[in-house]
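# Descriptive analysis of the structure
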Amino acid sequence: MRPARATIDLEALRHNYRHARALGGGKALAVVKADAYGHGAVDCARALEGEADGFGVACIEEALELREAGIRAPILLLEGFFEADELALIEQHALWTVVASPWQVDALERHPMARPLQAWVKLDTGMHRLGLPPDEYSRAWQRLRALPWIGDMVAMSHFSRADELSHAGTPQQLASFETALAGLPAGTVASIANSAALMAWPRTRRDWVRPGLMLYGSHMLDAPREEADALRAVMTLESKVISVRDLAAGEPIGYAGTFTTTRATRVGVVAAGYADGYPQYATSGTPVVIDGRPGELIGRVSMDMLTVDLTDHPEAGIGSSVELWGPRLPVAEVAARSGNSPYRLLTGLKRVPRRCIGAAPA
Ligand SMILES: *Cc1c(COP(=O)(O)O)cnc(C)c1O
């Protein structure tokens with residue numbers, strides 16, 4: 001069998017969730033959109049159920065997958081609904097929804113519900129993607145508040161650059177959020193922090209935080225923060241050496257000859273490639289871990305294979321294990337070597353079998 005595989009450590013996931021929740025000091029919505037950033041939404045939600053205050057997903061399809069798997073905790077549609085006829089399902093499955101556009105307010109006014117719907121009303125504080133502009137916000141809030149079938153309401157917004165620790169954008173967005181909150185009833189429940197804000201910008205922690213990436217043990221903060229040091233990698237992507245070649249100096253390796261040996265080199269071929277989600281353009285020198293020791297990628301990554309330098313790993317050979325990212329090698333470090341982000345690499349996992357460890361005792 002092909003040795004490439006991804007191992008998902010659910011104990012590490014629970015550890016990261018608890019860390020996020022404790023930092024936030026209130027409730028924490030575990031963001032499990034995009035199949036839990038490639039980790040398996042059902043497995044991750046089951047591992048957190050009973051502990052997570054709620055889950056965040058991108059769309060109703062993702063919410064229904066969790067409900068069908070028996071997840072009973074609150075589930076928030078982070079982009080709201082895309083069509084008004086999703087409201088019947090939202091009601092039936094007791095989902096929570098974001099409201100970010102006036103047409104969604106219109107749709108809710110036209111759709112009476114038998115049980116109260118929790119609405120998170122999104123303000124655009126500067127990201128300029130989803131969210132109501134500040135001058136339309138309180139009007140939309142009041143229209144929703146007037147509907148008997150709208151239950152609890154949460155004021156929310158989202159940061160665009162909270163991972164840049166000395167950028168003024170985050171305090172500016174926070175100020176815009178606070179201005180809007182000042183126009184709402186005292187005690188309005190609020191939520192703005194994603195993982196980066198939660199870890200690096202303590203003043204953004206409100207009633208609810210919405211950690212995503214950090215649950216999976218990664219971050220993109222551009223300066224050290226001890227809040228990030230406590231995270232544990234959840235996914236390990238690894239495979240094995242399936243072939244070894246001894247090359248003289250001056251020999252090219254792989255497609256396009258992007259790497260030429262500069263010394264007598266022992267090359268290990270590893271069964272993992274870009275069709276598994278490993279970045280095709282990771283550069284020679286990208287770190288790998290060979291039998292537990294630091295090593296390097298050399299040559300262009302192929303669809304199904306990649307090559308590593310075994311010259312300084314004389315004890316390694318066919319069958320040696322190669323960690324491509326995981327507890328010993330942060331996925332963000334690998335991502336940075338190919339102009340990628342950990343978000344992209346984790347959500348891009350493909351083809352390799354995924355196996356969970358650390359499930360809670362039943
Ligand atoms: C994806 C998402 C999050 C989580 O973001 P991370 O950077 O992964 O922590 C939080 N809030 C909203 C609205 C999102 O779409």
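Everything numeric here is computed off the predicted structure, so don't read it as measured data. (Residues numbered from 1 in each chain as written. Predicted model: local features only at pLDDT ≥ 70, side-chain atom pairs only at ≥ 80, totals over all residues. Heavy atoms only, no water.)

## Notes on the nonpolar core
- If you look at the biggest cluster of nonpolar residues, it comprises 117 residues, and the most contacted ones within it are F55, L66 and L108.
- Apart from residues no more than four positions distant in its own chain, F55 is found in contact with L29, A30, V32, A45, L48, E49, L66, I71, A73, P74, I75 and L76. (Core = buried A, V, L, I, M, F, W, Y, C linked by side-chain atoms within 4.5 Å. Buried < 20%, exposed > 50% of the residue type's maximum accessible area, 1.4 Å probe, protein only. Contact = heavy atoms within 4.5 Å.)

## A look at the pairing of strand β10 (residues 235–247)
- Where strand β1 (residues 5–9) and β10 come together, four bridges link them in antiparallel fashion. Residue pairing for β10: T7 is matched across the bridge by T236.
- The sheet contact formed by β10 and strand β13 (residues 265–270) spans six bridges and is antiparallel. The residue bridging L247 from the neighbouring strand is T265, located in β13. (Pairing = 2+ DSSP bridges. Helix = DSSP H or I, 4+ residues; strand = E, 2+ residues; numbered from the N terminus.)

## Focus on the packing of helix α1 (residues 10–24) against helix α3 (residues 41–48)
- One way to put it is that α1 packs onto α3 with a least axis distance of 9 Å and a crossing angle of 60°. The angle between α1 and α3 falls in the class oblique. Classified by chirality, the crossing of α3 by α1 is right-handed. Across the interface between the two elements, L10, L13, R14 and Y17 from α1 touch D43, C44, A47 and L48 from α3.
- Among the residues making up the contact of α1 with α3, the classes are represented as six nonpolar, no polar and two charged. (Axes fitted to C-alpha atoms, helices over the stretch in contact; angles between N-to-C directions. Parallel < 35°, antiparallel > 145°, perpendicular 65-115°, else oblique. Left-handed = near helix turned anticlockwise from the far one by under 90°. Nonpolar A, V, L, I, M, F, W, Y, C, P; charged D, E, K, R; others polar.)

## Some points on the site of the ligand
- Around the ligand sit 13 residues in total, of which K33, Y37, S195, L213 and Y343 are the nearest.
- Between the ligand and the protein, one listed contact pairs an oxygen atom with a side-chain N or O atom of K33 at 2.7 Å.
- Within the contact set of the ligand, an oxygen atom lies 2.8 Å away from a backbone nitrogen or oxygen of L213.
- If the ligand stood free it would expose 390 Å²; the protein chains cover 93% of that surface.
- Looking at the shell around the ligand residue by residue, the class counts come to seven nonpolar, four polar and two charged. (Near = heavy atom within 4 Å. Polar contact = N/O pair within 3.5 Å; in protein donor to acceptor, adjacent residues only side chain to side chain. Areas by Shrake-Rupley, 256 points an atom, 1.4 Å probe, with all protein chains shown as cover.)

## A few points about the packing of helix α6 (residues 102–109) against helix α7 (residues 134–145)
- For the pair α6 and α7, interaxial distance at closest approach is 10 Å and the crossing angle is 10°. With respect to their mutual orientation, α6 and α7 come out roughly parallel. Crossing of α6 against α7: the hand is left-handed. Facing α6, whose interface residues are P102, V105, D106, L108 and E109, α7 presents E136, A140, R143 and L144.

## Quick word on the pattern of salt bridges
- Applying the stated criterion to the full structure yields 19 salt bridges.
- The residue R161 makes a salt bridge to E164 at a minimum N-O spacing of 2.8 Å.
- Overall, R161 belongs to the partly exposed group, its relative accessible area being 33%.
- Take E164: its relative accessible area is 25%, and that puts it in the partly exposed class. (Salt bridge = Lys/Arg side-chain N within 4 Å of Asp/Glu carboxyl O.)

## Focus: the environment of A168
- With respect to the helices and strands, A168 occurs in the loop between β7 (150–156) and α8 (169–182).
- Taking the relative accessible area as the measure of exposure, A168 reaches 42% and is therefore partly exposed.
- Linking A168 and Y343, residues 175 residues apart in sequence, is a C-alpha distance of 23 Å.

## What to know about α7
- In a regular helix each residue adds 1.5 Å, so twelve residues correspond to 16 Å; α7 covers 17 Å between its end C-alpha atoms and thus fits that length.
- Looking at α7, one finds that the buried residues are Y137, A140, W141, R143 and L144. End-on view of α7: buried residues confined to an arc of 165°, all on one side of the axis. Turned more than 90 degrees away from the buried face of α7, the exposed residues are D135 and R139.
- Those residues of α7 that are buried lie in contact with β5 (96–99), α6, β6 (117–122), β7 and α8. (Expected span 1.5 Å × (residues − 1). Arc of directions from axis to C-beta.)

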